[in-house]
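The lines below spell out each chain.
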Amino acid sequence: MNYLAGIFGLNTLPATTYVLHQRPDLKKPYAIKFFITVLTLALFIPASNGAAKPTTQAKFTTEKIKLDGHLDESVWASAMKAGGDMQQYEPRQGVPMTQKTEFMVVYDEDNIYFGIIAYDTEPKKIVASVMERDEVPFYDDSLFLAIDTMNDNRNGYVLWTNPNGIKYDASVTNNSSLNVQWDGIWDLKAGRTKHGWQAEIRLPFSTVRHRAGANVWGFNLWRKLPRNGEEGRWSESRPEIRTYHFAQAGKIEGININRRNLNLEVTPYVVGDITNSKTSGDFGGDIRYRFKPNWTAHLTLNTDFAETEVDDRRLNYTRFPLFFPEKRDFFLEDAEVFTVGQQVMPWSAPEIVPYFSRRIGLNHDRQITDLDYAVKLTGHEGKYHVGLLNSGVGASSTSPSSNLTIARIKRDVLEQSSIGLISTFGDPNSEKHASTHGVDFRHRTDKLFGNRVFEANSYLLSSHNTAQDDGTAFSLELLYPNDLINAGATYYRIDEDFDPKLGYVRRTGVNKFQNHVSWQPRFDNSQVVRQAFLSYTNSIYANLGGGGETIENSVVLPRIMLESTDEIFLKYSHFRDNPDYNFLVPGAGTINEGDYEWNTIAIGGGLSNKRKLGATASVAIHDDWYDWDRTDYNLGFRWSINKHLLLSTSHRYSHFEQEDEDEDVLLNSARLLVNINPNMGLLNVVQHDSYTDTIGLYSRFRWEWNPGQELFVVLRHGYRDDYRGFDLETERYSVKISSSFRF
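Small disclaimer: the values here were computed from a predicted structure and weren't measured.

## A word on the overall build of the protein chain
For the protein chain, the helix and strand inventory stands at five helices and 44 strands. For 743 residues, the compact-globule estimate of 2.2 N^0.38 gives 27 Å, and the C-alpha radius of gyration of the protein chain, at 26 Å, lies within 12% of that figure. Oriented by its inertia axes, the alpha-carbon framework of the protein chain measures out at about 75 × 65 × 50 Å. Across the 743 residues that make up the protein chain, the buried fraction comes to 54%.

## Topic: the nonpolar core
The biggest cluster of nonpolar side chains holds 34 residues, and the ones touching the most others in it are I112, F114, L145, W217, F219 and L221. Of all the secondary structure elements, the ones that give two or more residues to this core are β5 (101-107), β6 (111-119), β7 (142-148), β8 (156-161), β12 (196-204), β13 (213-225) and β15 (250-257). If we ignore the near neighbours within four places in the chain, the residues touching I112 are V105, V106, Y107, I201, R202, L203, F205, W217 and I255. F331, V340, V393 and Y541 belong to the second-largest nonpolar core, a separate cluster that totals 25 residues.

## Focus: a nonpolar patch on the surface
A surface patch of nonpolar side chains, amounting to about 820 Å² of accessible area, comprises L484, I485, W519, L534, L557, L570, Y572, I601 and I603. Within the fold, I601 resides in strand β35 (residues 596-607). Residue class for I601 comes out partly exposed when judged on its relative accessible area of 47%.

## Some words on the environment of S401
Its place among the elements puts S401 in the loop between β21 (384-393) and β22 (402-413). For the pair S401 and N429, spaced 28 residues apart in the sequence, the C-alpha separation amounts to 8.3 Å. Here S401 is in contact with V393, G394 and A395, once residues within four sequence places are set aside.

## Things to note about the pattern of salt bridges
Scanning all chains against the criterion turns up 47 salt bridges. The residue D311 makes a salt bridge to R358 at a minimum N-O spacing of 2.8 Å. In this pair, D311 sits in the loop between β18 (295-303) and α5 (329-332) while R358 sits in the loop between β19 (352-353) and β20 (371-381), placing the two residues 47 residues apart along the sequence. R358 gets classed as buried once you look at its relative accessible area, which sits at 12%. Overlapping salt bridges bring together R133, D134, K167, D169, D183, R702, E704 and E710 as one network.

The rules behind these values
Residues numbered from 1 in each chain as written. Predicted model: local features only at pLDDT ≥ 70, side-chain atom pairs only at ≥ 80, totals over all residues. Heavy atoms only, no water. Helix = DSSP H or I, 4+ residues; strand = E, 2+ residues; numbered from the N terminus. Rg over C-alpha atoms; globule rule 2.2 N^0.38 Å. Buried < 20%, exposed > 50% of the residue type's maximum accessible area, 1.4 Å probe, protein only. Core = buried A, V, L, I, M, F, W, Y, C linked by side-chain atoms within 4.5 Å. Contact = heavy atoms within 4.5 Å. Patch = residues over 30% accessible without salt bridge, like charges linked within 9 Å, V, L, I, M, F, W, Y side chains within 5 Å. Areas by Shrake-Rupley, 256 points an atom, 1.4 Å probe, with all protein chains shown as cover. Salt bridge = Lys/Arg side-chain N within 4 Å of Asp/Glu carboxyl O.

Everything listed here is a matter of geometry and, on its own, says nothing about what the molecule does.
Here it is, written out as structure tokens:
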């Protein structure tokens, strides 16, 4: 423990001191030895059994349950009641919530059901603003279920809903990685009552991994009361613990699964498409076969992603590539199995992603290529997790056809840790041989110094490509994410020749050091301030010869959360950068190579979205930014018109000024959700930027008339601004119908 404390004591110092005065010899053999040393030390962090976890009993029923939210079947009355006075963790810790919550669990041969009653003595003050599938109900009265179906204390699923009956879901890996893009087949009904509100949820066993026969499931329930910023859980009220940290979850006992189904799911689709006045049609589908309760084979043929939402438009003011997340369902399902090097600093963009699924079906010219097929095998046997994916990608005008393979195996160690191997084969832009191989270790404990959270992540990767030198990359990340003190440190070493053809790398040929520490006191006796955040962050990129390339030091003085859950902040940053080549940025044009140094002051705040109208605003002043004076103005609004209409907008105005010229860049977006009910709605997204002088319009009508049976009608328009006004440049209309059949 003293060694770990020493690490954090060292890494909270300014990183400039560490680099300039203790420059290490970072040759590859030393990195490997350091990797092995850290893994060995991490294995001996002590664990304890901790407090007893709450339990409840699931009740089996042969009675048909009508999913209507009324909870009026007789089995609900006889099922065991749990919850009661759940414990707060916001704004106070370890005291009962002001409103009572009860839940019951019943199951039949094919489904498990959760009935939840959220009592409220002031039901007229209940907040429910969103209804669209996967729209985050964080600012609403809401219930968040975390379910560990394998009872391994580390992996599972979350289901989230509000009084409107919204469906939000995600999968969880190792108590930390949340795949919010996962969409499972499940259903619910919710509604208000004179005593508050309640929800009735049906989760088919075929949607989740589980064991056959007798089961114990990990479970936790979170409830939010936004009108007073109150949050609480059934199990574990420490604020540094998340509800999906299954090691601290309660248990559901008495589940016995003896399904006799074939466990085969077939989802065919048909799609019609009009692109720039050219009409086409196609068909394809998915086949999923769960040949064991915790093993799934998934085949997709002639895959179409017409319904996938567009990326958010962003402007890049750096010389390095931006990272855009995956949004396609096939690659998101079971994505956690293939995850390596999950960033444990959530406020930082990823530096390396060894397997980045967006490389499949999108070439280096950002052209979409046909995905002829993809097959995926994922499973969990004992302490082992296995993933294997192979895809055939069609040729485009600038890239050949390709066959791409990803293989992953991971073993659970200790209570919440894992060690694994990954290999990728193929290059989506070339017929030449390419492969990347790696080993990774992930450690997590919530028992450091008794009851504190500590996380570590480390990996060693190597790339091997025809006609290129081999390259390696090494990373070590340490995190102490606790309520009063939140601290962390990362180190990367990335060779100039490291080039994973199926991965993402932001920057090569560098050592990167990054540290942060935040002191976060709470003010329990204050009627105005709830919590303050005073933090220091630094980041250093140094080339492999030891010279500095990019340095950032930032201090937040402070960020303050008020009792109203409104926020204000003040931040000061100092930057140094010495690019060795010219690069282009929007507004400022060409930035020449050279040495640059500047300061940034940012101030801003936000009105909580628990209100009908929420807002954020900030101003950042950059003094002598690459020889420009740059000012960024950011403004955002979220207007919950009623439960059927939600409008959110964001606006960014950047002003660049030099002695004899000035430039302006605007980036605007608006998102309007129109929902008839939770299963039928229209999403509209408009995005514009003055740099490209283009407007993008995306509209998607979605109707899920039964779980797994959907209709999409999608419109995409691209306009360009010229002297005559906005001209339509691209247009696409798509209609897609898909339906899942389970056998």
